[in-house]
Amino acid sequence: WMEAVCFGTRGCIQDGLEKAGHECSEIIMAGGATRSPLWLQMHADVTGKPVVVCENADAPLLGCAILASVGVGIHGTVDDAVAAMVR
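Residues numbered from 1 in each chain as written. Predicted model: local features only at pLDDT ≥ 70, side-chain atom pairs only at ≥ 80, totals over all residues. Heavy atoms only, no water.

Next up on the list: the side chain of Thr34. Positionally, Thr34 belongs in the loop between strand 1 (27-29) and helix 2 (37-47). Every residue in contact with Thr34, bar those within four places of it in the chain, is listed here: Met29, Leu40, Val53 and Ala57. (Helix = DSSP H or I, 4+ residues; strand = E, 2+ residues; numbered from the N terminus. Contact = heavy atoms within 4.5 Å.)

Shown next, in the form of structure tokens:
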């Protein structure tokens, strides 16, 4: 199934972004998948694009925390939460 996800990524790039006239020169990944060198290499091989790991591999988790902090009233806006939580 890992290969299927990689080919799905390639399809999104080729049939979505590039057909719409957008350039994709690299893939930036975040989250748990970045902990697998095999996963990263498979994406690079199947798409023909270099894969770059986001500086904060847990960026998706940070995004959820930002939204949650606004939802429960810790921060008034997403901009305020980002200013307080992102370096």
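Once the structure has been displayed, the description carries forward.
A separate point is the packing of aromatic side chains. Scanning the model with the defined rule gives one aromatic pair in all. Judged by centre distance (6.0 Å) and plane angle (50°), the rings of Trp1 and Trp39 are tilted. Taken together, the residues Trp1 in the segment before helix 1 (2-18) and Trp39 in helix 2 connect sequence positions 38 residues apart. (Phe/Tyr/Trp six-rings, centres within 6.5 Å; stacked < 30°, edge-to-face > 60°.)

Our next topic: the nonpolar core. Ile13, Cys24, Ile27, Met29, Trp39 and Leu40 together form the largest nonpolar core, which totals six residues. Those elements giving two or more residues to this core turn out to be strand 1 and helix 2. What Cys24 contacts, discounting residues up to four positions off in sequence, is Ile13, Leu17, Glu18 and Lys49. (Core = buried A, V, L, I, M, F, W, Y, C linked by side-chain atoms within 4.5 Å. Buried < 20%, exposed > 50% of the residue type's maximum accessible area, 1.4 Å probe, protein only.)

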